[in-house]
Amino acid sequence: MAKSNYTQSDLMLFGALGDLAQRKLFPALYQLDRSGLLDQGSRILAIARDSIDTGELRRLLDKKLREYIKPEECDEVLLRRFLQRVDYLYLDFTDADGYQSLNSWRGAPDSNLIVYLAAPPSMYGVIARNLRAANCCSSKTRVVVEKPIGHDLASSQVINDELGEVYRENQLFRIDHYLGKETVQNLIALRFANNLFASQWDQNHISHVEITVAESVGIEGRWGYFDKAGQIRDMIQNHLLQLLCLIAMDPPSDLSADSIRDEKVKVLKALREITPDLMESHVVRGQYTAGTSNGKPVPGYLEEEGANKGSATETFVALKAEIENWRWSGVPFYIRTGKRLPEKLSQIIIHFKPAPHYIFDPDQKHLANNKLIIRLQPDEGMSLKILTKDQGLDKGMRLRQGPLELTFSETFDTDRIPDAYERLLWEVMKGNQYLFVRRDEVEHAWRWVDQVIANWNDSGESPKRYAAGTWGPVAAIAMITRDGRSWYEDA
Ligand code: BG6
């Protein structure tokens, strides 16, 4: 077994038999091991409330890892070595006495201890208190928690207070897995390593910004969770607002966690409140009905397994966000996200303003603004649409729009893009918080989203219907058309 240069980390994984752990966390840990990033002595304690033993867990993981890892990345020797690192502990999370056995499991006393709570947020407080009572953590312990942190500002404060009673902010790693995506981090490089863009990044040069995070899947057996959350809590409060922050924030003075997070918080604080009179022009919520997805008929949200037929939960949201500061005054950010849209696609489009004086054929004037298309997934890359002269003697000075194209997989010879969870776990092991969300970010995001939800509740309006496999309710198209614009795909 190769010894890596990295500090030994012991990971206690609460909720180890859940979907997140099985589908994302264990595969990510295996990949870290495969890349030589786990120290020889690093161990994983899988903790859950099922009466199985370590042997059974390893057999289960052996099966699941083969399901979630590409066959060419599944090395028999590495897999066996990885499974040897994992032990299982049955624990009722509320049983304080049970936590005593955690201490005897620890390896080297000076190893990093990481506690990963892949458990319901309502359990975070009790787990934290029980760990403290059993003397299982120190000021060096790092605690990883998953979204959603609450379902509104007040409940997120309760959860954060409970965690804060036991851990300091610099021990808490709140995950938003979008921040672990390679292309999302690239937004920082794109903006702050290229003066070409830095000097153009404001209301003098940009007319508007679009952010689309579309999924073709429906609710996939998660109806119980999703129906209480809806798309605004599940996606906008976290992933979409984080993307908006990375696009809109001012340059941080360095790459430290707090420099970046301070700038993101300023954006969240500057978001214009969407008051009841703005709801009609600024917000559209939708719910999918039966339709087709990838050529196959699919049921509507209310016909999914386990559905409550009267649910008014939204599966689609389009919003016009405005940032009230010098940089972005008058530049709308149109954001939309939904389930059962035509394809899985996350992209950001920066629409630059046209040149101040136009001298070409009047019928081509609509072409005259550059666009930067940032493809977050799939087909990761970016494309800058620029105007050139059309070729040929007969074309005169006719214009043509073409891309300056950067497709990461073609330009850089990377064999694989690591999954977001690999990067995030790796950053936790290194103790670097810049890809994790600070408490005040969570709270400002809730504050903004809460007022939209309150307005929905007060209006009593139902979400607008859209057929599965379409780009959401017609009202979402009308929202942007009213401003004389269109969503990029529809252009
Ligand atoms: C999760 C949401 O945070 O992100 C899911 O809870 C959503 O509803 C998922 O499907 C999307 O993530 P990704 O990485 O597939 O775009």
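Residues numbered from 1 in each chain as written. Predicted model: local features only at pLDDT ≥ 70, side-chain atom pairs only at ≥ 80, totals over all residues. Heavy atoms only, no water.

A. View of the site of the ligand. Neighbouring residues of the ligand: Lys147, His177, Tyr178, Lys181, Glu215, Arg222, Asp234, Met235, His239, Lys339, Lys344 and Gln377. Between the ligand and arginine 222, the relevant distance is 2.4 Å, taken from an oxygen atom to a side-chain nitrogen or oxygen of the residue. The side chain of glutamine 377 places a nitrogen or oxygen atom 2.9 Å from an oxygen atom of the ligand. Top contributing element to the shell around the ligand by residue count: helix α9 (residues 223-248), with three residues. (Near = heavy atom within 4 Å. Polar contact = N/O pair within 3.5 Å; in protein donor to acceptor, adjacent residues only side chain to side chain. Helix = DSSP H or I, 4+ residues; strand = E, 2+ residues; numbered from the N terminus.)

B. Layout of the side chain of arginine 142. With respect to the helices, strands and loops of the structure, arginine 142 is situated in strand β5 (residues 142-145). Notably, arginine 142 is buried but unbridged: the nearest opposite-charge side chain belongs to glutamate 427, and the N-O separation is 9.4 Å. Side-chain polar atoms of arginine 142 contact the backbone oxygen of valine 428, separated by 2.9 Å. Not counting residues up to four positions away in its chain, the partners in contact with arginine 142 are Asn112, Leu113, Ile114, Val115, Gln171, Phe173, Val428, Met429, Lys430 and Gly431. (Buried < 20%, exposed > 50% of the residue type's maximum accessible area, 1.4 Å probe, protein only. Lys, Arg positive; Asp, Glu negative; His and termini not counted. Salt bridge = Lys/Arg side-chain N within 4 Å of Asp/Glu carboxyl O. Contact = heavy atoms within 4.5 Å.)

C. Quick look at the packing of aromatic side chains. According to the stated counting rule, one finds 14 aromatic pairs in the structure shown. With a centroid separation of 6.0 Å and an interplanar angle of 85 degrees, the aromatic rings of tyrosine 30 and phenylalanine 82 are classed as edge-to-face. Separated by 52 residues along the polypeptide, tyrosine 30 in helix α1 (residues 19-34) and phenylalanine 82 in helix α3 (residues 76-84) bring together distant segments of the chain. Across the pair, phenylalanine 82 and tyrosine 30 agree in class, each one buried. A connected cluster of aromatic rings, assembled from ring pairs, spans Trp223, Phe226, Tyr288, Tyr301, Phe316 and Tyr466. Over the face of the ring belonging to phenylalanine 93 we find arginine 49, whose NZ or CZ atom lies 4.6 Å from the ring centre. Sitting above the plane of the tyrosine 178 ring, lysine 181 keeps its charged end 4.6 Å from the centroid. (Phe/Tyr/Trp six-rings, centres within 6.5 Å; stacked < 30°, edge-to-face > 60°. Lys NZ or Arg CZ within 6 Å of the ring centre and 35° of its normal.)

D. Fine view of the pattern of salt bridges. Under the criterion given, the structure shown has 35 salt bridges. Note that aspartate 33 is salt-bridged to arginine 81, the shortest N-O span being 2.7 Å. A residue pair is termed long-range when its members are at least 10 positions apart, and aspartate 33 in helix α1 and arginine 81 in helix α3 qualify at 48 residues. Residues arginine 174 and glutamate 169 are paired through a salt bridge, measuring 2.8 Å at the closest nitrogen-oxygen approach. In this structure, a network of salt bridges that share partners links the residues Lys147, Glu215, Arg222, Asp234 and Lys339.

E. A look at a nonpolar patch on the surface. There is a patch of nonpolar side chains on the surface, built from Ile359, Phe360 and Met397 and spanning about 310 Å² of accessible area. Among the secondary structure elements, methionine 397 is positioned in the loop between β15 (381-389) and β16 (399-407). (Patch = residues over 30% accessible without salt bridge, like charges linked within 9 Å, V, L, I, M, F, W, Y side chains within 5 Å. Areas by Shrake-Rupley, 256 points an atom, 1.4 Å probe, with all protein chains shown as cover.)

F. View of the nonpolar core. One finds Phe14 and Phe26 to be the most contacted residues of the largest nonpolar core, which totals 132 residues. For this core, the element with the most residues is α9, which contributes 11 residues. (Core = buried A, V, L, I, M, F, W, Y, C linked by side-chain atoms within 4.5 Å.)

G. How the structure looks around unusual backbone geometry. Each neighbour pair has its own omega, and for lysine 147 with proline 148 the value is 0 degrees, a cis peptide bond. That bond from glutamine 377 to proline 378 is cis: its omega, -15 degrees, falls within 30 degrees of zero. Turning to its location among the elements, proline 378 is positioned in the loop between β14 (371-377) and β15. In this model, asparagine 294 sits at a positive phi of 50 degrees, which is unusual for a non-glycine residue. Mapped onto the fold, asparagine 294 is located in the loop between β9 (291-293) and β10 (296-298). We classify asparagine 294 as exposed; its relative accessible area is 65%. Phi is positive for arginine 340, which is not a glycine, with a value near 55 degrees. Along the chain, the position of arginine 340 falls in the loop between β12 (333-338) and β13 (345-352). When its relative accessible area of 10% is taken as the criterion, arginine 340 is described as buried.

H. Quick look at the sheet that holds β5. In spatial order, the strands read β3-β2-β1-β4-β5-β6; together these six strands make up an open sheet with parallel pairing. Two strands in the sheet have a free side with no partner beyond their single neighbour: β3 (86-90) and β6 (172-174). Each adjacent strand pair in this sheet contributes to an overall mean axis angle of 20 degrees, direction not counted. Taken strand by strand, α1 contacts β1 (9-14), β2 (43-48), β3 and β4 (112-117), and its axis lies near 170 degrees from that of β1. (Pairing = 2+ DSSP bridges. Axes fitted to C-alpha atoms, helices over the stretch in contact; angles between N-to-C directions.)

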